[in-house]
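# Breakdown of the fold
The residues making up each chain are set out below.
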Amino acid sequence: MTTPRIAVVTGASRGAGKGIALALGATGATVYVTGRTTTTGESALPGTVADTAAEVTRRGGTGVPMIVDHADDAQVAALFEQIRSDHGRVDILVNNAITLPPALTKKGPFWRKPLDLTDLFDVGMRSAYVATYYAAPLLTPGGLVVNTSSFGGTAYMHGPAYGAGKAAVDKMAHDMAVDFRPFEVAVVSLWMGLLKTERTVAAFDANPEMYSGLAATAESVEFPGRIIDALHRDQGRMDRSGRVLVGAELAQELGVVDVDGNRPPSHRPFLGDPPTFSDAVIE
């Protein structure tokens with residue numbers, strides 16, 4: 001690939017989105033970084049859209065900060081109109097934006113948690129559909145769409161709102177792949193493992209004895225980005241289109257290692273298998 005790839009990573013102020021943006025930037029890609037955090041201190045967690053974009057550039061790519069609220073369709077449409085004007089194409093779209101309400105990890109049944117957990121259905125589920133909708137005319141043959149997801153798509157994880165959101169983006173990837181196949185664009189859902197995000201690192205640091213085992217096998221936030229880079233470069237990517245893929249297993253297949261040189265393990269043995277979908281197509 002002689003010309004820099006054009007990538008869009010949504011929800012990239014921090015966490016998985018930031019790591020994915022940095023990993024793609026390190027390959028020389030132009031990365032449009034979206035998010036809502038504009039200034040330090042605006043969020044309880046560190047990170048801003050501009051900080052991520054600047055680090056992408058420092059690593060050898062071109063970071064383009066874009067303040068986008070993915071609950072606002074007009075802002076998403078404007079994002080892709082800007083990219084159309086700038087480059088006329090998108091090579092990689094990573095749908096990572098998600099709302100994580102504070103009560104998400106609260107113990108107890110869903111009816112004792114705030115109803116705003118359903119915000120996950122808007123930014124997280126619907127936002128993946130909307131971003132891909134507006135990106136579709138710009139995606140080039142050989143392009144790749146990735147929905148970041150988790151084992152919560154099939155395992156009970158944080159309750160039914162989170163699980164429904166993840167199951168939805170998994171199925172969405174399968175169905176979008178059917179529509180995109182004639183255009184040679186691959187779509188997958190990527191199940192990430194436990195990531196060393198700002199949130200989880202804070203929890204590890206606060207309770208080192210409790211979380212020492214988890215911390216030892218956790219993935220860096222750049223690991224999924226390395227996997228996405230390798231998948232986009234892989235000539236067999238269309239063979240995987242429409243599938244839900246376990247990131248750690250795909251890394252093994254594609255020869256990807258984490259930033260420390262290690263390969264994080266798959267959590268399939270105790271969290272279960274990804275779903276399989278029918279080959280039937282009813283239009």
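This write-up is about the structure you can find in this document. Because the structure is predicted, anything quoted here is derived from the model rather than measured. (Residues numbered from 1 in each chain as written. Predicted model: local features only at pLDDT ≥ 70, side-chain atom pairs only at ≥ 80, totals over all residues. Heavy atoms only, no water.)

## Remarks on the overall build of the protein
Looking only at helices and strands, one finds 11 helices and 7 strands in the protein. By principal-axis analysis of the C-alpha atoms, the protein measures approximately 50 × 45 × 40 Å. For the protein, restricting intrachain contacts to residue pairs at least 6 apart in sequence, the fraction spanning at least 24 positions comes to 71%. Element-wise, carbon and sulfur atoms account for 55% of the exposed surface of the protein, whose accessible area totals about 13300 Å². (Helix = DSSP H or I, 4+ residues; strand = E, 2+ residues; numbered from the N terminus. Contact = heavy atoms within 4.5 Å. Areas by Shrake-Rupley, 256 points an atom, 1.4 Å probe, with all protein chains shown as cover.)

## Considerations on the side chain of Thr-34
With respect to the secondary-structure elements, Thr-34 resides in strand 2 (residues 30-35). If sequence neighbours within four positions are ignored, Thr-34 has contacts with Val-8, Val-9, Thr-10, Gly-11, Ala-12, Ser-13, Val-49, Met-66, Val-68, His-70 and Leu-79.

## Describing the nonpolar core
Ranked by internal contacts, the top residues of the largest apolar core, which has 30 residues, are Val-9, Val-31, Val-33 and Ile-228. No other element matches helix 8 (residues 223-233), which puts 5 residues into this core. Residues in contact with Val-31, not counting those within four places in the same chain, are Ala-7, Val-9, Ala-21, Leu-24, Gly-25, Val-56, Thr-62, Gly-63 and Val-64. Core analysis: the next-biggest nonpolar cluster, separate from the first, contains 27 residues, Val-8, Val-68, Val-130 and Val-169 among them. (Core = buried A, V, L, I, M, F, W, Y, C linked by side-chain atoms within 4.5 Å. Buried < 20%, exposed > 50% of the residue type's maximum accessible area, 1.4 Å probe, protein only.)

## Let's talk about a nonpolar patch on the surface
The grouping of Tyr-129, Tyr-133 and Tyr-134 at the surface amounts to a nonpolar patch, some 350 Å² of accessible area in total. Turning to its location among the elements, Tyr-133 is positioned in helix 4 (residues 122-135). (Patch = residues over 30% accessible without salt bridge, like charges linked within 9 Å, V, L, I, M, F, W, Y side chains within 5 Å. Salt bridge = Lys/Arg side-chain N within 4 Å of Asp/Glu carboxyl O.)

## A short note on the pattern of salt bridges
Throughout the structure, instances matching the rule amount to 13 salt bridges. The residue Arg-58 makes a salt bridge to Glu-55 at a minimum N-O spacing of 2.7 Å. With a gap of 3 residues between them, Arg-58 and Glu-55 both fall in helix 2 (residues 49-58), about one helical turn apart. In this structure, Asp-73 engages Arg-126 in a salt bridge whose closest nitrogen and oxygen atoms are separated by 2.9 Å. Separated by 53 residues along the polypeptide, Asp-73 in helix 3 (residues 73-86) and Arg-126 in helix 4 bring together distant segments of the chain. Looking at Arg-126, the relative accessible area reads 40%, which means it is partly exposed.

## Here we look at helix 8
With 9 of 11 residues buried, helix 8 lies mostly within the body of the structure. Residues of helix 8 that are buried: Phe-223, Pro-224, Gly-225, Ile-227, Ile-228, Asp-229, Ala-230, Leu-231 and His-232.

## Here's the deal with unusual backbone geometry
Backbone geometry places His-158, a non-glycine residue, at a positive phi of 65°. Secondary-structure assignment places His-158 in the loop between strand 5 (139-149) and helix 5 (160-180). Accessibility expressed as a relative area gives 33% for His-158, which makes it partly exposed. Unusually for a residue other than glycine, Glu-184 sits at a positive phi of about 60°. Structurally, Glu-184 can be placed in the loop between helix 5 and strand 6 (186-191).

## Examining the packing of helix 1 (residues 15-25) against helix 8
Taken N-terminus to C-terminus, the directions of helix 1 and helix 8 make an angle of 45°; their axes are 7 Å apart at the nearest point. One finds that helix 1 runs oblique with respect to helix 8. Relative to helix 8, the crossing made by helix 1 is right-handed. Of the residues in helix 8, those touching helix 1 at Ile-20, Ala-23 and Leu-24 are Pro-224, Gly-225, Arg-226, Ile-228 and Asp-229. The class makeup of the residues in the contact of helix 1 with helix 8 is 5 nonpolar, 1 polar and 2 charged. (Axes fitted to C-alpha atoms, helices over the stretch in contact; angles between N-to-C directions. Parallel < 35°, antiparallel > 145°, perpendicular 65-115°, else oblique. Left-handed = near helix turned anticlockwise from the far one by under 90°. Nonpolar A, V, L, I, M, F, W, Y, C, P; charged D, E, K, R; others polar.)

## Quick look at the sheet that holds strand 2
With parallel pairing, the 7 strands of this open sheet are ordered in space as 3-2-1-4-5-6-7. In this open sheet, the two edge strands, each paired with only one partner strand, are strand 3 (62-67) and strand 7 (244-246). Here the strands of the sheet are splayed against their neighbours by 20° on average, with no regard to which way each runs. Packing of helix 2 onto the sheet brings it into contact with strand 2 and strand 3, and relative to strand 3 it is tilted by some 170°. (Pairing = 2+ DSSP bridges.)

## Observations concerning the pairing of strand 4 (residues 90-95)
Taking burial as the measure, the 6 residues of strand 4 include 6 buried ones, the bulk of the element. In terms of strand pairing, strand 1 (residues 6-9) meets strand 4 through 3 bridges, oriented parallel. Bridging across to strand 4, Val-9 finds its partner in Val-94. Pairing of strand 4 with strand 5 involves 5 bridges; the strand directions are parallel.

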